[in-house]
Amino acid sequence: MKSVLQTCSLTKKYGKEKAVNKVSLNIEKGDIYGLIGKNGAGKTTIMKMICGLASQSQGDIKLFGSSDLKKGRKRIGATIEQPALYPNMTAKENLIYYNKLLGITDYSNAQEILSLVGLEDTGKKKTKSFSMGMKQRLSIAISLIGNPDFLILDEPTNGLDPLGIKQIRELLLKLNYENEITILISSHILGELDKIATRYGVIKNGELIDELSAYELEKSCEKCISLVVNDSEKAVSIIKNIIKSNDYEVLENGVINIYDFLDIPEEINKALVENSVLVSNLTLKNNDIESYFIKMMGED
Amino acid sequence: MMMNVISSEIYKIFKSKVFYGVLIVLLMMNAMLLISGLSAIRSSTILGTGISAYQESYHADGIIYIILIFVVFLITSEYANETIRQMSCRGIERWKLVLGQYIAISLITIVVVLGFGFINLLLFTVLFELGEVNIIVFIRMNLGMICIILATVGLGTFVSHLSKSSGIAVILSIILFIGSDYIAKLFALLTKKDILTIYGLGNMRKIIIDFNSSPEVVVKISMVLLLIVLATILGSYLLFLKRDID
């Protein structure tokens, strides 16, 4: 898998305060990488450093496997913080400007991109009259100019209604699947990310506290019966042969998670105890993604 | 890539309100110049000429203030709208963005300012006569005016990147323009070289548009103006280079 973005101990200091502290990310081609964290966690600062809007205090960034960031940044499309538009221009004129800036002489892509984001009917309306949702869509459209290989989107669904959020989500999935565009997307709305992200990075107080794939997250949030036993080996044998479960996971310190037979915890307990396996703890775990991340970010 | 920056900036200028505002103001100024010129000519039997009207187009300090305001509003609006952030994250070197923007604004300003001057020249020529001037002197004057415009745009660019706010930048640039004459006088006093008094921006403009000025002085003044261009563009680039863009 080709690396699109690699950061190594990326740090940003403002005076004595570290806004980003030794963040090492690795995003592969084809990923939709969700960067999650509270407001002020450092997500936007990381994105700004990748795009060249802010200089790093320490650490390295590699784009597309190269330290030549000038070259790599030409293959990026980004929307950072709130939409930045020319208020006295129309949507199409804003796109034509960026086409000219990037040396693209065929402006027919402008109308195509506007259709992609649902702004094909804005006509001569100036962007100063746009709603927040329309501005957000146009901002995403601008990031698509130049057919980027890597999209960096900072909370792109802010201000959008539920239908708009769905449309943008479908657009991003389409771009990722059909055009093989790698996407780094930040949000504090977990419900949006979990529908599209293939990998997650959790940022807390400027530090990357966890990285996990969508599969690992799903597994962590899956309902299960969690046991603490005195003899894991014997307990596994009972689970396989007597309870007849193959969907289980053995962890450290005698912890075993069973993902099926969730409706008969008492039978599981009885089978173990009758076969001389002591069960010191038995709980039904039911983490949803939100609870999982909130717990990870240290909130109650 | 530089041509892309320049052409995109020109496109943006033509879509901006401030450009058309400046055109209207210049039109009004030139109309007032025409009316006052015609009245003076009628009342005092002075013969007007196209050449004298052309000179008169650049006589007032107002033209410098208009150029400064134009430049400042164009550049500081990028900070106000945060579009400077979007421009800067497309892998284009920052020096190209600063220089490309400067070149685009300068080109437009030169065309507009000299264009209005030539309209006055044509009008007065049609109404009265062209007048007489040595062609070399006329070309030298125009080249000098171009240097004045380039230096003024450079000054506006520098203070815009320095302050990022239109109000502060306008005040600062006008103070710098007016203050340059006083700074030149101060240098002249300190060094006891009266010749240095001519190097204030206002004085340099007056000398350039005067056909009777010595050619050597006009050339020296043009050199000084080009140095101002270099200093202000370099200063703008350095300000923009390492700055984190919010």
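Residues numbered from 1 in each chain as written. Chains lettered and ligands numbered in written order. Predicted model: local features only at pLDDT ≥ 70, side-chain atom pairs only at ≥ 80, totals over all residues. Heavy atoms only, no water.

As annotated in an unreviewed UniProt entry, chain A is ABC transporter ATP-binding protein from Tissierella pigra. Quoted verbatim from the Sequence similarities (unreviewed entry) field of UniProt, the annotation for chain A is "Belongs to the ABC transporter superfamily." (UniProt positions renumbered as here; feature names shortened; annotations may be inferred.)

A. Region of interest: the UniProt feature "domain: ABC transporter" (unreviewed entry) in chain A. UniProt records the feature "domain: ABC transporter" (unreviewed entry) for residues 5-230 of chain A in the present numbering. For the annotated span residues 5-230 of chain A, helix accounts for 34% and strand for 29% of the residues, and the straight-line distance between the end C-alpha atoms is 45 Å. (Helix = DSSP H or I, 4+ residues; strand = E, 2+ residues; numbered from the N terminus.)

B. Just the pattern of salt bridges, in detail. Residue and element names in this part refer to chain B. Applying the stated rule across the entire model yields 14 salt bridges over all chains. In this structure, Asp61 and Arg205 form a salt bridge, with 2.1 Å as the shortest nitrogen-oxygen distance. One end of the pair, Asp61, is in the loop between helix 3 (50-56) and helix 4 (62-81); the other, Arg205, is in helix 9 (residues 201-209), and 144 residues separate them in sequence. (Salt bridge = Lys/Arg side-chain N within 4 Å of Asp/Glu carboxyl O.)

C. Spotlight on the side chain of Ser186 of chain A. Residue and element names in this part refer to chain A. Tracing the sequence through the fold places Ser186 in strand 8 (residues 182-187). Here the side chain of Ser186 touches Asp154 through a polar contact of 2.7 Å, side chain to side chain. Ignoring sequence-local partners within four residues, the contact set of Ser186 consists of Leu35, Lys43, Met47, Leu153, Asp154, Glu155 and Pro156. (Polar contact = N/O pair within 3.5 Å; in protein donor to acceptor, adjacent residues only side chain to side chain. Contact = heavy atoms within 4.5 Å.)

D. Here's a closer look at the interface of chain B and chain A. On the chain A side, the residues contacting the 29 residues of chain B number 36 residues. Summed over both sides, the interface of chain B with chain A buries roughly 2900 Å², with 52% coming from carbon and sulfur. In this assembly, chain B and chain A are joined by 3 salt bridges. The partner of Arg85 of chain B in a salt bridge is Glu81 of chain A, with the nearest N and O atoms 3.6 Å apart. Counting across the interface, chain B meets chain A through 16 residue pairs in polar contact (both at pLDDT 80 or more). Here the side of chain B that touches chain A gets 7 residues from one element, more than from any other, and that element is helix 1 (residues 2-14) of chain B. Partitioned by chemical class, the residues of the side of chain B that touches chain A number 8 nonpolar, 8 polar and 13 charged. (Buried area = accessible area lost by both parts, 1.4 Å probe. Nonpolar A, V, L, I, M, F, W, Y, C, P; charged D, E, K, R; others polar.)

E. Focus on the sheet that holds strand 10 (residues 207-213) of chain A. Residues and elements named next belong to chain A. In spatial order, the strands read 6-7-8-4-9-10; together these 6 strands make up an open sheet with mixed pairing. At either end of the open sheet lies a strand with only one pairing partner, and these are strand 6 (76-79) and strand 10. This sheet shows a mean twist of 15° between the axes of neighbouring strands, independent of strand direction. Looking at chain direction, strand 6 and strand 7 (residues 150-154) are connected through 4 bridges and run parallel. Bridge pairing in strand 7 links Ala78 to Ile152. Lying on the sheet, helix 5 (residues 132-144) is in contact with strand 6 and strand 7; it crosses strand 6 at an angle near 165°. (Pairing = 2+ DSSP bridges. Axes fitted to C-alpha atoms, helices over the stretch in contact; angles between N-to-C directions.)

F. Structural detail: the domain arrangement of chain A. All names here are of chain A. For chain A, the domain assignment lists domain 1 (3-218) and domain 2 (222-297). Summarising the inter-unit geometry, the C-alpha centres of domain 1 and domain 2 are found 41 Å apart. Every contact between the two is made by 14 residues of domain 1 and, on the other side, 7 residues of domain 2. Roughly 930 Å² is buried in total at the junction of domain 1 and domain 2, and carbon and sulfur atoms are behind 78% of that figure. In terms of surface lost to domain 2, no three residues of domain 1 exceed Leu190, Leu217 and Glu218, which account for 44% of the buried area on that side. Put simply, domain 1 and domain 2 have 0 salt bridges between them. Put simply, domain 1 and domain 2 have 0 residue pairs in polar contact (both at pLDDT 80 or more) between them. (Domains from an automatic or database assignment.)

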